[in-house]
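Overview (structure and organization)
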Amino acid sequence: MGLYTTVSLVLAATLTHVVLVFFHVAPGNPVSRRYSQQIDAWVYPFFEQNWRLFAPNPDAVNRQILVRTAHTGPDGSTQVSPWFDLTAVDRSAIEHHAFPSHTAQNLLRRAWSSYVETHGQDDTARSERAEMMQQYVSNVAADRVAEHRGGPAFDYIQVRVVTHPVAAPGADVRNSTRTPVEKRLLPWWKVTRHGK
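Presented here is an overview of the structure given in this document. (Residues numbered from 1 in each chain as written. Predicted model: local features only at pLDDT ≥ 70, side-chain atom pairs only at ≥ 80, totals over all residues. Heavy atoms only, no water.)

The terminal C-alpha atoms of helix α6 (residues 128-148) lie 30 Å apart, and with 21 residues this matches the ideal 30 Å at 1.5 Å per residue to within 8%. Restricting attention to buried positions, one finds in α6 the residues R129, A130, M133, V137, S138, V140, A141, A142, R144 and V145. With its phi angle positive at about 70 degrees, G150 sits one or two positions after the end of α6. (Helix = DSSP H or I, 4+ residues; strand = E, 2+ residues; numbered from the N terminus. Expected span 1.5 Å × (residues − 1). Buried < 20%, exposed > 50% of the residue type's maximum accessible area, 1.4 Å probe, protein only.)

Our focus in this paragraph is the side chain of R144. Looking at the element boundaries, R144 is found in helix α6. With a relative accessible area of 9%, R144 lands in the buried category. Polar contacts involving the side chain of R144 include one to the side chain of D90, which spans 2.5 Å. (Polar contact = N/O pair within 3.5 Å; in protein donor to acceptor, adjacent residues only side chain to side chain.)

Residues I65, V67, L86, I157, V159 and W189 are the most contacted members of the largest nonpolar core, which totals 21 residues. Sorting the residues of this core by element identifies β1 (61-72), α4 (86-94), α5 (102-118), α6, β4 (154-165) and β6 (189-194) as the ones contributing at least two each. Top element by residues in this core is α6. It accounts for five residues. Excluding anything up to four places from it in sequence, V67 contacts P82, W83, F84, L86, A141, V145, I157, Q158 and V159. (Core = buried A, V, L, I, M, F, W, Y, C linked by side-chain atoms within 4.5 Å. Contact = heavy atoms within 4.5 Å.)

Written as structure tokens, this is what we have:
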């Protein structure tokens, strides 16, 4: 009796999962529009789907993601670090490696693209998923700074993203002016204390 109940529950959960993921990736229809909140609650954050494997959408821009940290000293003064280039760290981890890690290639880029998808231009989190993505970007940035730069402990972090267009094929990148398409400065975020 217990085996039949377990098998029935597993089959029901599997069928529910397949149906909900199907409605998530299917073109807009009355069912997916009416139950979008319930479908999204099931799919995000663990079962997110997209079609990039079959129809890649490569970035048409290069993003430089920089971060700086701040901490308040015992005397109440705030000390702010210089900007630290996270993109350069990722790039150096990829170049000249026959098998670069997926983390070095995609973690920072995907964290930023997910942040942009869930936040408006005012960087206000309007959903639970947006808050989660803000915390994710903050954690990635803080962990990378603590791992690569060292230095004094910090309590706050700020991210700046500079977006440049990808140069046209055959263009002389060294002599071209690289005017940023966008410069985005995020607010200071409180983080758990990192460092010594």
